[in-house]
Each structure stands twice: as C-alpha cells, then as structure tokens.
Amino acid sequence: MSSESTKHAPSSGRMRPSVAIELAEKSRKLSLGTNGQRSKQENGAIAARFVTPRDAVIETERGERLPVIPSEEAKRLNWLQGESTAGGRYDEPEAFESQQSLQREIPMEQRPESVPLEKYRQRQTGPVDATNPSAYTHPLFPPLPLYGPPSLLRNFQYQIFRAISFCLSLSFLGVVVVGSCVCGIGIGMKNIWLRVRGINTNTSRPFHKEEIARKKARQKAAIRWKRMQQKLNDKKEATGSNLEYNEDIEDGTQDTEFPPLEGGDDPIVCDISYYARRVGLDCEMFHVQTEDGFILELWHVYNPHEYSPLSEAERAPREPDVFYDQKTKDHPISNRRYPVLLIHGLLQSAGAYCTNDDDSLAFYLCKAGYDVWLGNNRCGFRPKHNSLAYNDPRMWCWNIRHMGALDLPAFVSRILYETGFETLGLICHSQGTTEAMVALARDQRPELGERISVFCGLAPAAYAGPLIKKTHFRFVRKISPSAFRLFFGIHAFIPFMMTMHKIIPPRIYGALGYRIFAYLFDWTDERWDRDLRDRMFQFSPVFISAESMRWWLGCDGFAVQKCILATKEQGMREEAEDRAYESGTFSSDNNTNRNRGLNAWYGPKTPPFALWIAGRDDLVDGTKLLRRLQNGREPYVNLVHHKIVEGYEHLDVIWAIDMIEQVGREVAQVLWRTVPQNTKGTCRAPKF
C-alpha cells in the first residue's frame, strides 16, 4: 500500500471522496461487469470475506460470490471500506498465530539468490491483463494470477490464448497418444506371438478363473432379466396393471433384499444411477454451492426400499456459507445410517467408486448399512458457477488448495445438514487424499477435522513416487509458469479430452483411455475384471483447471517439492534425521527425538487416520507418509489402522477384483469403530 493512499484512510463515519472513488474503481475491477454493463447490472464487489486466513472470496451487491483473490487485494478492498477485517472472522489469536507462522516459514533472507530483492517484493504484470503475485510468496502453494472482469479486449486476448494453447496442448496429447500406441503395438505383437505358440497369456492373470465366473454370471443374469421382462410385459397386457421386476421366476435365487432395477444387455454409460440400479440401489444428485460460488455435484446412493428421493428443489444449492444450523431439518432419532463421504482421484469422478457392480466400494458400503455420498470436485463433467461463465479464466483460477479448503467443507456441511449428524466418515483415493490432508492441516482449515470421525486414505498421495521422473513429466516440470500457461492455457486442462469422451464410442474410448493411462502411469489391469474395464474409464477424464495441473506437474509445485505440505529441503532434512534416529547415531544433546513434532502438519483438531497403501504404487509413496505418522512427526494424528497391500498398484485399491476382501471390509470396520459413542446409539450397526 502506497504512502499516498494511506493518507486517505477512512476515519470513522463518512468516507472521503478520494477514497470513495478508489473504492468504486476497486469494486469495478473485481466485479462481474465492465463499465458499459454497470448501468444494467448493479453487481460490483462490496466486500472481501476471508473463509480461511489466506483465502478471501468477493461478495457482490447481489449476494453472489466470486472466486478466491490474493489476500493483499482482499485486505485492500476492505481497508478502503473502513473495515479492519472481513467480518472479523480471523481476529482470533489462533488464526493470527497461524498467519504469523506462515510468514515465518519463508523469511526474506531465504529468497533465492538469483532473485533480486525488488523482484522478490514486486508484483508483476503478466499476459492477458493478469496481475501475477510474486512467484516466491509460498513454496508449496504458489499464488495464482488475478484476472479482471470481462471486456472486449480481454475476451479477445483470452480467445488468442485458447487458440494457441489448443494447438500446443493437442501436440502434447498427440505425442502421448502416439507413445502409448507404439507401446501398445509392442505388447500386442508379443501377445500374438505367444498365442501362435499356443500360450494363453490370460491364464497368468491372478484372477483369471474369477473373471470367467463373473462374466458367465453376468450373462446368466442378463438372460434371466430379459425373460422376466417378457413375462412381466405379458402379464401387464393381460391384466392391464403396472408390474415391476420384484422376484426371480427362473430359479428362486434372487436377492430379495436388493432386487435389481436394471438388467439385460449391459450398455456402457457414464451414469452412476444406472449402475446403482443394476445392483438394486439408486442415486439422487444434489447441487452444492461452495463459498466461492462453484456449483458441485454430490451423489447420494440409497436403498429404494427404505428411502424416497427428495424433490429437485430440496436438492438445489443452498447458501454458500458452510456448517449452518443442522436443526433446520427434521431427522429420525434412531435406526439411522451413519454418513460416509467418498472423494475421487485426479482426472476422475465419483463414478470410479461404482463400476464393479456389488464389488464397488460405494455399493458395498451402502448395502453394509452406511449412508453413502459421492462428491465430485469443482467443474467435473459439467463446469458450473453461480455467476461466472465457462470462458472466464476466473472460473479456472484454482488448484488443490481450493478443492480442499472450499469443496470439501461444502460437501461435509451439506451432508451433515441433510442427515442431521454432527460428524461423518471420510474416504478418499489418490488426489482426494491430498485435498483432505491439505484441508486438515493446521494452517489451512483445521476446524474441518471436528466434523470428521475418521479419514480413510486409499493410496494416499502425500509424497511423490519414482514415476515423477518419467520423460513427459520432466518436460512439464522444466517449463516456466508463463510457458505452462501458454502451452496448456488459462482455462481447463486439455478440454479436447472431454470432447473425445462425447464422440468416441464407449468401448473404443475405454480401450484407448486404458492404454494412455497405462502408458503415463505404468498401471496394468492384471487385478481388475477386464470385462468391466471399459466402464471404469467412462468416468474419466473430467474438467480440471490448468492451474491445478500446474500445481501437480509444474516447476513450482508438487513435482519439485515431492511433498504436499513440506518443501524438498525440509523433506531431505527430515529423512536424514530419521536415518540418524533409526541408526542411533544422532547425539542426545541435539534434541532430535524431542523436536521431531515441531514441524508437524496437523494440530489437535485432526481426526483419526487410517491408511491403505498399494505395495507396487510408483505414482505416490504412501510408505513415507506412514513412516511420518509412526515416527512421532505428527503427535496429534491417531493412526487407527494401516495396511500395505502387497502386489497392489495405484488403482487396485478401488478396482481390484479382491478389493472388498483386501480393503473394503476393513474400511467398513474402521468407519464403525471410530463412530462417536454417543452417535452409535442412534445408528444401525452395519453388516461386514
């Protein structure tokens, strides 16, 4: 803030004209409309609301929310209005100490020597009228660019950016596709040669006999369904009544508790409800508004014999504030299902938990007796914001922190409101574990931990695995942030992938999707039900922001630091301390053991942790996180369960044929074991 502007600081009461003019200009800059629109649309920014000590969203005159802006911009806007803070929410000593600890993490003298002091402090003006805060503000979560409201010139610049990035990103995608096809040709030729020699490669698959048995069972069920439908149609024509499929006429083996609502031929569709109905369940979709205005999709899986879906109005978005009064709805006082929330991984959607029929984790937990909710992070298959359009770069200016600090609390808040519980169980896979662990950190949104009874991490993504060294990842890591934005744009990350999802036939898309992802991440399908593999890839990829992918793969995020909540230097220092401690070579006077928890990520509000780690996971290193929790570096984290599943790869923890035996049943047990005692009396006990 300049000394000149300080002279105009508003006193109590009336605002000086110069400050009022500056406020109007600041509101115009952060508003939705341009000067020409202001007469038609009174929607300027009136205040910055801090939803966390570092996340400020803009409230407009119409009560709408705009995405997070840099903290200094938010403080500036509130200062112009004579407000010391945005509502005073973070005047508490704990939050102030959290902010102070963040400032101490990156002292001025630790700036890179190659960066001059004036550059270190200076905010730069980047391309397309974006104001870029210093790239060295925070080494773990570099600040995002600040974009102004739409204008003719800016829209023209954005379109040029989209055209350039479309060509460059498509070239990158083309190289990946060609590489995966070349790799696939080699594998195919090898399999053909083995077949010529009379060797069936499928027999070496771990669950080959189980795959055959399941395929035959699905075929038999499809035939039985068709016969039943024919008999029902005949009865309907004879009696004129509306009959439904509710018994198995063929052999009396129908599961009477969960009779299927869909059957017959098995088309590959991108629809959670369809797969739920195939196993006798159903789904309804809620729309949830985040504190920065994004509209998220939240799926509720239920037993149609004991629950009636709500109306569309009841499932519509509610107020953006989280954790509102839970007593505004009537809830039963006994025999309720305990709620669990499942969050998906990178480039996936909630459907990843629903592709294996009864062996899908979501359906298994629902039939076991839990109230299952599936969260889709912002944008997903249908990007939506309460006031921003798809083409507006402000709609895509977010990364993993916002998914953790804003999306996750919005999901938890809405579920607790709908169910009437005070806590829920949280299950996450891959990137879902990252956003949860970031959100629960003591300098992010630790109060969320009081609403979660247990955090179950499947293939937890806290530390990078050796796969980060692959050539295509190294290329992305080497380019600068500006070059990354030029290459992959300032909107969605390679949206052409989602276009292909709509155009390519499902089976071809599933095969191509598997081949590309296997090439990128070295996954195999040896433990999956191969007959269902094309289903699995119908729920990915989804829309995510280019900035989010930059955090994962770029030169100033996870790919360089190799950790979500510690710098590379901190990680190396802690590993050296751990080795010294384990070998007994550290000196007793350096307080190594006593000080191991001083740099803890989590505080006293953290819920219990339970981890399931894939033993052959090269994408992330779950054993490092397990070691961190076991060696005293996180004194506030209660590790209630952990398991390294030998032979499992990154996706096997949700898609392997034996996932229920290896992971699912244990998850169900841990969920129930950690339910608060005063809550268990009101819940039905699940069946494991």
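Calculation criteria
One numbering rule holds for all chains: residues counted from 1, following each sequence as written. Reporting in this predicted model follows two pLDDT cut-offs: at least 70 for local features of residues, and 80 or more for side-chain atom pairs to be given and counted; totals over whole chains, interfaces and linings ignore these cut-offs and use all residues. With hydrogens and water stripped out, all remaining heavy atoms of the structure feed into the side-chain values. Here, the term nonpolar core denotes a set of buried Ala, Val, Leu, Ile, Met, Phe, Trp, Tyr and Cys residues that are joined through side-chain atoms within 4.5 Å. Burial here depends on accessible area, computed with a 1.4 Å probe over protein chains only, as a share of the maximum for the residue type. Under 20% is buried, over 50% is exposed, and the range in between is partly exposed. The domain boundaries here were taken from an automatic or database domain assignment. Note on contacts: a residue pair is in contact if any heavy atoms of the two residues lie within 4.5 Å. Going along the chain from the N terminus, every DSSP run of H or I of four or more residues is numbered as a helix, and every run of E of two or more is numbered as a strand. By the convention used here, strands pair only if DSSP detects at least 2 bridges between them. UniProt positions are given in the numbering used here, feature names are shortened, and annotations may be inferred rather than shown by experiment. Within 6.5 Å between ring centres, the rings of Phe, Tyr and Trp (the latter by its six-membered ring) count as paired, and their orientation is classed by plane angle as stacked under 30 degrees, edge-to-face over 60, tilted in between. The criterion is that NZ of a Lys, or CZ of an Arg, lies within 6 Å of the ring centre and within 35 degrees of the ring normal, and then a charge sits over that ring.

(A) Inspection of the nonpolar core at higher detail. Formed by 155 residues in total, the largest nonpolar core has its most connected members in L341, L342, L365, V372 and L374. When residues of this core are sorted by domain, at least three fall in each of domain 1 (17-126) and domain 2 (278-326 + 334-566 + 601-681). In this structure, L374 is in contact with I272, E297, L298, W299, V301, L341, L342, A350, Y353, C354 and A362, ignoring residues within four places of it in sequence. Within the second largest apolar cluster, six residues are counted, among which are Y147, Y158, F161 and I490.

(B) View of unusual backbone geometry. The omega angle of the peptide bond from S540 to P541 is -5 degrees, so this bond is cis rather than trans. Structurally, the position occupied by P541 is in the loop between helix 17 (533-536) and helix 18 (546-553). For D357, which is not glycine, the phi torsion reads 55 degrees and is therefore positive. Counting through the fold element by element, D357 comes out in the loop between strand 8 (339-343) and helix 10 (361-368). Residue classification places D357 among the buried positions, given a relative accessible area of 15%. The phi angle at S430 is positive, at roughly 55 degrees, despite the residue not being glycine. Checked against the element boundaries, S430 lands in the loop between strand 10 (424-429) and helix 12 (431-440).

(C) Molecular detail of the pairing of strand 13 (residues 639-645). As paired strands, strand 12 (residues 609-614) and strand 13 are joined by six bridges and run parallel to one another. Across the sheet, L611 pairs through a bridge with H642, a residue of strand 13.

(D) Focus on the pairing of strand 6 (residues 282-289). For strand 6, the buried fraction is high: seven of the eight residues fall into the buried class. In this structure, strand 6 lies alongside strand 7 (residues 295-302), joined through eight bridges in antiparallel fashion. Across the sheet, the residue bridging to C283 is V301, located in strand 7. Hairpin connection between strand 6 and strand 7: a loop of five residues separates the two successive antiparallel strands, and G293 in this loop has a positive phi of roughly 95 degrees.

(E) Representation of the UniProt feature "transmembrane region" (unreviewed entry) in the protein. As recorded in UniProt, the feature "transmembrane region" (unreviewed entry) lies at residues 163-187. Helix makes up 100% of residues 163-187 and strand 0%, whereas the separation of the span's terminal C-alpha atoms amounts to 36 Å.

(F) Just the packing of aromatic side chains, in detail. Per the stated rule, a full pass over the model turns up 35 aromatic pairs. Taken together, a centroid distance of 6.1 Å and an interplanar angle of 20 degrees make the contact between F172 and F475 stacked. Taken together, the residues span a long stretch of sequence, with F172 in helix 7 (residues 152-196) and F475 in helix 13 (residues 471-478) at a distance of 303 residues. Under the relative-accessibility criterion, F172 is labelled buried at 17%. Taken together, the aromatic side chains of F473, Y514, F517, F521, W523, W528, F537 and W655 make up a single cluster linked through ring pairs. Just above the ring of F294 sits the side chain of R378; from NZ or CZ to the centre is 4.2 Å. It is R378 that lies over the ring of W398; its NZ or CZ is 5.6 Å from the centre.

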